[in-house]
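# Structure at a glance
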Amino acid sequence: MVIDHATTRWAGRAYYDELLAAGVRVWEYWPQMMHAKTTVADGVWSVLGTMNLDNRSTRLNDESMLLVHHPRVGAVLDSIFLVDLERSREITPASRRERRFWKRLRERATRAVAPIL
């Protein structure tokens, strides 16, 4: 997975076990770094942009989101997501158990500073 800051990757991965235990499926996109965020709800409500849902993005960073209510936009974003999903790797509980000790240690250490990353 390509990312601009390794510590961000490690801190994010530190939450995977909890997400997987709650039934969330986790995928990592591998071809390149992707900063855009998209959401489609009910096929008609779409949100796209660069903003993270955290205090840093809302208070400090110059990022934005666009909210669109249109079924054609939702369909296009859904189709793009499916293409991206084909180029992603699913993270499973088994793959998490197989990772090396030093990776586990890095994740735990960076989780402590995750709120400021």
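Predicted model only: the values in this text are computed from it and were never measured.

Cut-offs used in this document
Residues numbered from 1 in each chain as written. Predicted model: local features only at pLDDT ≥ 70, side-chain atom pairs only at ≥ 80, totals over all residues. Heavy atoms only, no water. Buried < 20%, exposed > 50% of the residue type's maximum accessible area, 1.4 Å probe, protein only. Helix = DSSP H or I, 4+ residues; strand = E, 2+ residues; numbered from the N terminus. Contact = heavy atoms within 4.5 Å. Pairing = 2+ DSSP bridges. Axes fitted to C-alpha atoms, helices over the stretch in contact; angles between N-to-C directions. Parallel < 35°, antiparallel > 145°, perpendicular 65-115°, else oblique. Nonpolar A, V, L, I, M, F, W, Y, C, P; charged D, E, K, R; others polar. Patch = residues over 30% accessible without salt bridge, like charges linked within 9 Å, V, L, I, M, F, W, Y side chains within 5 Å. Areas by Shrake-Rupley, 256 points an atom, 1.4 Å probe, with all protein chains shown as cover. Salt bridge = Lys/Arg side-chain N within 4 Å of Asp/Glu carboxyl O.

### Quick look at helix α1 (residues 6-13)
Of the residues making up α1, those classed as buried are Arg9, Trp10, Ala11 and Arg13. Looking at the buried side of α1, the elements it contacts are α2 (16-21), β1 (26-29), α5 (93-97) and α6 (101-111).

### Section: the sheet that holds strand β4 (residues 65-69)
Taken in spatial order, the 3 strands line up as β2-β3-β4 in an open sheet, and their pairing is antiparallel. The open sheet has two free edges, formed respectively by β2 (37-41) and β4, since each of these has just one partner strand. For this sheet the average axis-to-axis angle between neighbouring strands, irrespective of direction, equals 10°. Both β2 and strand β3 (residues 45-49) contribute to a ladder of 5 bridges, which runs antiparallel. Bridge assignment links Thr38 to a residue of β3, and that residue is Leu48.

### Points about the packing of α1 against α6
When two helices pack together, you describe them by how their axes are tilted relative to each other and by the distance separating the axes. Interaxial distance between α1 and α6 falls to 7 Å at its minimum, and their mutual angle equals 95°. With respect to α6, the axis of α1 lies roughly perpendicular. Note on element contacts: α6 touches α1 through Arg106, Glu107, Thr110 and Arg111, opposite Thr7, Trp10, Ala11 and Arg13. Split by residue class, the contact of α1 with α6 holds 2 nonpolar, 2 polar and 4 charged.

### So, the side chain of Glu107
Among the secondary structure elements, Glu107 is positioned in helix α6. Glu107 has contacts with Trp10, Arg13, Ala14, Arg96 and Arg99, leaving out every residue within four places of it along the chain.

### Points about a nonpolar patch on the surface
A cluster of nonpolar residues, Tyr15, Leu19 and Val24, forms a patch on the protein surface that exposes about 220 Å² of accessible area. In this structure, Tyr15 sits in the loop between α1 and α2.

### Observations regarding the environment of Pro71
Its place among the elements puts Pro71 in helix α4 (residues 71-86). Between the C-alpha atoms of Pro71 and Val40, which are 31 residues apart in sequence, the distance is 9.7 Å. In this structure Pro71 touches Gly43 and Val44, once residues within four positions along its chain are discounted.

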